[in-house]
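Each chain is listed here by its residues.
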Amino acid sequence: MPLPPREKRGLVLIDPPFENDDEFDRILAGLVTGLERWPTGIYCVWYPLSERAAPLRFRRNLEGSGIRK
C-alpha cells in the first residue's frame, strides 16, 4: 500500500509473523520510514507478550528513535 493514502487519515496495522529474530528491528525501521512518508498516520504494532526481553528492547529502541508519542 502506498503511503500516504489519498484519504488524509488512516490506521496502519503492523502484524508481523515473528518468524525471524530481527522482526522488532524491521518493525522499527518500517515505523521510521512510514512516519517520514506519512507523519499524520496512526500506527498500531501487534506483538506477542510470550517473551519479555525482545519487546522491552523494542520499546527502548522505539523511545530512542525520535518518534514522538
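So, here is what we can say about the structure in this document. This structure is a prediction, so every number in the text was calculated from the model and none was measured.

### Structural notes on a negative patch on the surface
Taken together, the side chains of Asp21, Asp22, Asp25 and Glu51 define an acidic patch exposed on the protein surface. Here Asp25 shows up in helix H1 (residues 23-37). According to the relative accessible area criterion, Asp25 is partly exposed, its value standing at 48%.

### Digging into H1
Here H1 spans 21 Å end to end across 15 residues, near enough to the 21 Å set by a 1.5 Å rise per residue. Summarising the contacts, the buried residues of H1 are in contact with strand S1 (11-14), strand S2 (42-45) and helix H2 (53-64).

### Some details on the pattern of salt bridges
All chains considered together, the criterion is met by two salt bridges. Here Arg26 ties to Glu23 by a salt bridge, and the two come within 3.8 Å at their closest N and O atoms. Of this pair, Arg26 and Glu23 are both found in helix H1, three residues apart, which corresponds to roughly one turn of the helix. The partner of Glu63 in a salt bridge is Arg59, with the nearest N and O atoms 3.2 Å apart. Residue Glu63 and its partner Arg59 are located together in helix H2, separated by four residues, close to a single helical turn.

So, how was this worked out
Residues numbered from 1 in each chain as written. Predicted model: local features only at pLDDT ≥ 70, side-chain atom pairs only at ≥ 80, totals over all residues. Heavy atoms only, no water. Patch = residues over 30% accessible without salt bridge, like charges linked within 9 Å, V, L, I, M, F, W, Y side chains within 5 Å. Areas by Shrake-Rupley, 256 points an atom, 1.4 Å probe, with all protein chains shown as cover. Salt bridge = Lys/Arg side-chain N within 4 Å of Asp/Glu carboxyl O. Lys, Arg positive; Asp, Glu negative; His and termini not counted. Charge placed at Lys NZ, Arg CZ, Asp CG, Glu CD. Helix = DSSP H or I, 4+ residues; strand = E, 2+ residues; numbered from the N terminus. Buried < 20%, exposed > 50% of the residue type's maximum accessible area, 1.4 Å probe, protein only. Expected span 1.5 Å × (residues − 1). Contact = heavy atoms within 4.5 Å.

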